[in-house]
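# Observations on chain architecture
Given next are the chains, with one letter for each unit.
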Protein chains: 2
Amino acid sequence: MSQSLAYDALVTHHRRIHDLEHLQAVATWDRLTHMPPGGAPARAAAQAALTMLVKQLQAEPVLARHFEAAEQEPLLGDAALNFARMRQARRIEAAIPQALAERRELAVGAAMAAWAQARQDNAWAPFAAAWAPLVVVVRESAARLGDALGLQPMDALLERWEPGLRMARVTPLFAEVQRWLPQLTEQALAAQVRAPLPIEPIGPFPAAAQRRLCEQVMAMLGFDFNAGRLDTTIHPFTGGVPEDVRLATRFDEADFLPALIGTMHETGHARYQQNLPRDWLGQPLAGPHSAALHEGQALIFERQLAPEPAFVQALAPMLRQAFGPQAAFEPDNLMRLLRRIRPGRVRVAADELTYPLHVILRVELEHALVKSEIEVDDVPAWWDERLRRLLSVDPLGPFSQGPLQDPHWVQGMFGYFPAYLLGAMVAAQCFASLRRDLPDLDTRVAAGDCKPVGDWLALRIWQQGARHDLDEMMQQATGESLSDNALRKQLEQRHARSD
Amino acid sequence: MSQSLAYDALVTHHRRIHDLEHLQAVATWDRLTHMPPGGAPARAAAQAALTMLVKQLQAEPVLARHFEAAEQEPLLGDAALNFARMRQARRIEAAIPQALAERRELAVGAAMAAWAQARQDNAWAPFAAAWAPLVVVVRESAARLGDALGLQPMDALLERWEPGLRMARVTPLFAEVQRWLPQLTEQALAAQVRAPLPIEPIGPFPAAAQRRLCEQVMAMLGFDFNAGRLDTTIHPFTGGVPEDVRLATRFDEADFLPALIGTMHETGHARYQQNLPRDWLGQPLAGPHSAALHEGQALIFERQLAPEPAFVQALAPMLRQAFGPQAAFEPDNLMRLLRRIRPGRVRVAADELTYPLHVILRVELEHALVKSEIEVDDVPAWWDERLRRLLSVDPLGPFSQGPLQDPHWVQGMFGYFPAYLLGAMVAAQCFASLRRDLPDLDTRVAAGDCKPVGDWLALRIWQQGARHDLDEMMQQATGESLSDNALRKQLEQRHARSD
């Protein structure tokens, strides 16, 4: 007879929630790719109904009894770890009372509507008025979560995305990047001025041809089309479930690079999803555990692999095949296009050198907001001052390219931003390690064989699921804790040399 | 204070079920149109999890108490009718014990798998072995349902698709069709031999052009693309929810007619769905109530409107625009193509004259099976004998074009087949009535304006939802109970004249 009846019941419960969330994932993917506009209200009602039902299932008293009883059961190895993850997730959920969760939903709804309007009207004040209640909810949630977990409020928010990571580690790590990055950026810009201008590709690039190219590149990167697909959407995303991963991108017929590079990014997320430990599917242990690790997988393909000489070598003939021959498709030129530095106001359009500073700006700002050091009305002035100081960029421009450019805070996603820069470090550190382990990497990639990259990552990261926190995972995969070293070296190597 | 608290709770319950079934509809549509094959097991698990959950919600004791209490509440008009529909659905559900429902699920799964295999292998015996347990379940369900509703077993099965209709009405109605149809078919075939052969359209017809054409025709028929869309699939269907109706068809590049005419059929189903009473959404009153009425709406577009001179007049320029000019696209020729008689073995490929006999064959067969007059092993011989006698068609051919051609019985859908011939009667009777009411119909349709057809149907049928049973609905819409008169007249008018 089993000695873990209560734990087994919890496993069944999690599997059931996983199954129900599969339907949410399909509905969300459809909403963002295929749904006609008139279907929106019914879809919102349907998804809300399932969300409510799942909340009810989570609140069933029998579940609390299973948790209590499972504490007494003898669990070993992965089962023990899985139970620990279940317990922590429940602790986080329990820290937020139902009334606060509902206030949050309402506040997010109001803030999202105000955000869309304010971006059109280029107006701060009405947005701030709608956003302020959400910031209050976030502060209150952070305090409650902090009390429950014995953490500072900001650390408690971080815990939801990056288990085990604290601001006491993030702050000096990011300060270190801020120490070396501005000078490196200056050098890179100077070198760029001295180098020949890259030849611009000449469009139009038909969407259908771009789509075929993207699918070809996804296949080259090991995406499993038997368990996933590519679609078009307004805002690129990776969705679906590990058994059926849905990527979506948008095609600009004037420029094929955003869709191509964006698809490589999403393919990184997707391959991680497709290769999470299948035996534990539906259990916390099979989940992606760290946002930084997830972003890292995307950035390995987008920022590490894509601008490498070997990769552009493989890409060049695919571009010629897709769009006809062009001088711009020469590997050297492609590399120059992919490595071009263009400081600007918009994070998602930033190059790899200025991108970290965008993230640092946001992390400082959200930390200040959570600690009540600033209020929502202070954000624009604060933002402009930092943009000038950190990025040497003129902040003048519409709010939609300023503090209203990202949706994260409007959705209440405080504590997520560090993942973007930590992810860049993850990517650089993994790629450096992988490169050391695979001496013939360039030869194989240049011939269009990217399999070694996926194989290395699958073994060391993807199939580990949620077994380890970020630092432990990086220690096991690369032999070192996470640091900015590999990122700095890689950026220096790419950008600090005079051409 | 409301006097219908218990009824109000039931309304809320039905709304919730409607919302959850919205997610099933999206998942099913996706499964049939976009899902990669590897996603199938996870999708099946997810949809089964929601089905189970809905079953649990239906079984909650509080619901039984609401039903009891609502009996005592003063309900008027539509509310009273809605409650009656709720009660009848519950009575039908309650008649089938959980264990029998589960046996049915298992039997359907086994039969479906055996069916797919047997179609490949052209083998009857292994299919019969897998199907026999399902037939046992169906007989048992019919008996239990009959006991609960005070009906003969076959009538009880019919009640689920066609409330209020009994075999005592179906049998003489179909016998009447059998009385006049064979002779009419003979006349039509003779006339066809004397008439010039229609000119065959010359392909290929690119799928993209066919799709654009189908969307154009859907728009002309009044399909609301703000609340629905067209996709491609293997087996055409209409799915989704009234707020977001999903049509799917398949394109054969050698012949554009199947997709075009099939899309017109599905558009009839879709417009009905899109125009069901919106104020009652999610309630039984807002549902389509009769399978014959649903098929009828599809057949009004496919079989009544499409082969009309006025419609082919409007269609001809659209075909030239889609595929370039061809002699075959002349209206007279199109009409000959659409009215061509070709007796054959396959129901879905049948013309409007031989189609009813295919349905009659199936209704006789399912009736005999339910009454245990024949057993599954008798089916092939029985089938061949009737095919020869009813349709004068040589039955020789693979089982996939014989008794294994339809999936209905393999899915346990006994009692549905009458809807196809009753639907043909509905379509003819409605169209004749509509034509009398709208003297300028042909002029408007020939000019591409099909709005009057939809307006007439919306008012009299679609927006009635489940208010009336089939005969009452036809009485109200056309002034007469359902009969074969209009169908006979229409077929005679189209086919009995010598050209």
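Keep in mind that what you see is a predicted model, and the values were worked out from it rather than measured. (Residues numbered from 1 in each chain as written. Chains lettered and ligands numbered in written order. Predicted model: local features only at pLDDT ≥ 70, side-chain atom pairs only at ≥ 80, totals over all residues. Heavy atoms only, no water.)

## Here we look at the overall build of chain A
- If you tally the helices and strands in chain A, you get 20 helices and three strands.
- The C-alpha atoms of chain A give 23 Å as radius of gyration, which agrees with the globular expectation for 499 residues (23 Å, within 12%).
- Judged by the C-alpha coordinates and their principal axes, chain A covers about 70 × 55 × 50 Å.
- Each of the 499 residues in chain A was classed as buried or not, and the buried ones make up 56%.
- Looking at chain A alone, contacts between residues at least 24 apart form 73% of all its contacts between residues at least 6 apart.
- A total of about 20,700 Å² of accessible surface is found on chain A, and carbon and sulfur atoms cover 55% of it. (Helix = DSSP H or I, 4+ residues; strand = E, 2+ residues; numbered from the N terminus. Rg over C-alpha atoms; globule rule 2.2 N^0.38 Å. Buried < 20%, exposed > 50% of the residue type's maximum accessible area, 1.4 Å probe, protein only. Contact = heavy atoms within 4.5 Å. Areas by Shrake-Rupley, 256 points an atom, 1.4 Å probe, with all protein chains shown as cover.)

## Here's the deal with helix 9 (residues 207-220) of chain A
All names here are of chain A.
- The terminal C-alpha atoms of helix 9, which comprises 14 residues, lie 20 Å apart, in line with the 20 Å expected from a rise of 1.5 Å per residue.
- For helix 9, every residue scored as buried is listed here: A209, Q210, L213, C214, V217, M218 and M220.
- Count one or two residues on from helix 9 and you reach G222, which has phi positive near 95°. (Expected span 1.5 Å × (residues − 1).)

## Quick look at the UniProt feature "active site" (unreviewed entry) in chain A
Residue and element names in this part refer to chain A.
- Following the UniProt record, one finds the feature "active site" (unreviewed entry) at E266.
- In this structure, E266 sits in helix 10 (residues 257-274).
- Taking relative accessible area as the criterion, E266 reaches 10% and is therefore assigned buried.
- When neighbours within four sequence positions are excluded, E266 is seen to be in contact with P236, F237, T238, L247 and A248. (UniProt positions renumbered as here; feature names shortened; annotations may be inferred.)

## A word on the UniProt feature "binding site: Zn(2+)" (unreviewed entry) in chain A
All names here are of chain A.
- The UniProt feature table records "binding site: Zn(2+)" (unreviewed entry) at H265, H269 and E295. In sequence the annotated residues extend across 31 residues, while in space they remain close, none of their C-alpha pairs exceeding 8.6 Å.
- Looking at the secondary structure, you find H265 in helix 10.
- On the accessibility criterion, H265 (14% relative accessible area) is buried.

## Comments concerning the sheet that holds strand 2 (residues 237-241) of chain A
Residues and elements named next belong to chain A.
- Read across the open sheet, the three strands follow the order 1-3-2; overall the sheet is mixed. Looking along the sheet, the strands with just one partner apiece sit at the ends: strand 1 (228-232) and strand 2. For this sheet, the mean inter-axis angle between neighbouring strands, taken without regard to orientation, is 20°.
- In this sheet, strand 3 (residues 244-249) lies alongside strand 1 in parallel orientation, the contact comprising five bridges. The partner of T232 across the bridge, within strand 3, is T249. (Pairing = 2+ DSSP bridges. Axes fitted to C-alpha atoms, helices over the stretch in contact; angles between N-to-C directions.)

## A closer look at the domain arrangement of chain A
Residues and elements named next belong to chain A.
- Taken as a whole, chain A is organised into domain 1 (1-75) and domain 2 (150-499).
- Inter-centroid distance (C-alpha atoms) of domain 1 to domain 2 is 30 Å.
- In this complex, domain 1 contributes 11 residues to the contact, which on the side of domain 2 involves 16 residues.
- A combined buried area of about 1,100 Å² lies between domain 1 and domain 2, and 60% of that area is made up of carbon and sulfur atoms.
- Considering only the surface of domain 1 that becomes buried against domain 2, H18, W29 and L32 emerge as the three largest contributors, covering 44% of it.
- At the junction of domain 1 and domain 2, the tally comes to zero salt bridges. (Domains from an automatic or database assignment. Buried area = accessible area lost by both parts, 1.4 Å probe. Salt bridge = Lys/Arg side-chain N within 4 Å of Asp/Glu carboxyl O.)

## Focus: the relation of the copies chain A and chain B
- Superposing chain A onto chain B requires a rotation of 180° together with a translation of 0.0 Å along the rotation axis, leaving an RMSD of 0.0 Å. Within this description, the copies of the chain are treated as partners about a two-fold rotation axis. Minimal C-alpha distance to the rotation axis in chain A is attained by L23 of chain A, lying at 3.2 Å.
- A shared interface surface links the copies, since 100% of the contact residues of chain A are contact residues in chain B too. (Least-squares fit on C-alpha atoms with pLDDT ≥ 70 in both.)

## What about the interface of chain A and chain B?
- Across the boundary between the two partners, chain A contributes 35 residues, which contact 35 residues of chain B.
- Summed over both sides, the interface of chain A with chain B buries roughly 2,700 Å², with 63% coming from carbon and sulfur.
- Residue R246 of chain A pairs with D30 of chain B through a salt bridge whose shortest N-O separation is 2.8 Å.
- Summed over the shared surface of chain A and chain B, the number is 13 residue pairs in polar contact (both at pLDDT 80 or more).
- Among the elements of the structure, helix 1 (5-33), helix 2 (40-59), strand 1 and strand 3 of chain A are those that each provide at least two residues to the side of chain A that touches chain B.
- Across the side of chain A that touches chain B, the residue classes break down as 17 nonpolar, eight polar and 10 charged. (Polar contact = N/O pair within 3.5 Å; in protein donor to acceptor, adjacent residues only side chain to side chain. Nonpolar A, V, L, I, M, F, W, Y, C, P; charged D, E, K, R; others polar.)

## Focus: the packing of helix 14 (residues 355-370) of chain A against helix 15 (residues 379-391) of chain A
Residue and element names in this part refer to chain A.
- Closest axis-to-axis distance for the helix 14/helix 15 pair is 10 Å, and the angle between their directions is 145°. For the pair helix 14 and helix 15, the crossing hand works out as right-handed. Two secondary-structure elements touch here, helix 14 through L357, H358, I360, L361, R362, E364, L365 and L369 and helix 15 through V379, W382, W383, R386, L387, L390 and L391.
- Taken together, the residues of the contact of helix 14 with helix 15 sort by class into 11 nonpolar, one polar and three charged. (Left-handed = near helix turned anticlockwise from the far one by under 90°.)

## Description of the sheet that holds strand 1 (residues 228-232) of chain B
Residue and element names in this part refer to chain B.
- Spatially, three strands are ordered 1-3-2 in an open sheet, and the strand pairing comes out mixed. In the strand order of this sheet, the two ends are held by strand 1 and strand 2 (237-241), each with one partner. Within this sheet the neighbouring strands show an average axis-to-axis angle of 20°, counted without direction.
- The sheet contact formed by strand 2 and strand 3 (residues 244-249) spans five bridges and is antiparallel. What sits directly across from G240, in strand 3, is V245.
- Where helix 1 (residues 5-33) meets the sheet, its contacts fall on strand 1, strand 2 and strand 3, and the angle it forms with strand 2 comes to roughly 145°.

## A look at the packing of aromatic side chains
- If you walk through the whole model with that rule in mind, you get 36 aromatic pairs over all chains.
- Seen in terms of ring centroids, Y7 of chain A and F83 of chain A are 6.4 Å apart; in terms of plane orientation they differ by 85°. Their pairing is edge-to-face. Residue Y7 of chain A is located in helix 1, and its partner F83 of chain A is located in helix 4 (residues 77-95); the two are separated by 76 residues in the primary sequence.
- F83 of chain A sits in the buried class, given a relative accessible area of 4%.
- Measuring from centroid to centroid gives 5.9 Å for F417 of chain B and Y420 of chain B, while their planes differ by 50°, and the two rings are tilted.
- When its relative accessible area of 0% is taken as the criterion, F417 of chain B is described as buried.
- Three or more aromatic residues joined by ring pairs make a cluster, and in this case those are W161, Y355, W409, F414, Y416, F417 and Y420 of chain A. (Phe/Tyr/Trp six-rings, centres within 6.5 Å; stacked < 30°, edge-to-face > 60°.)

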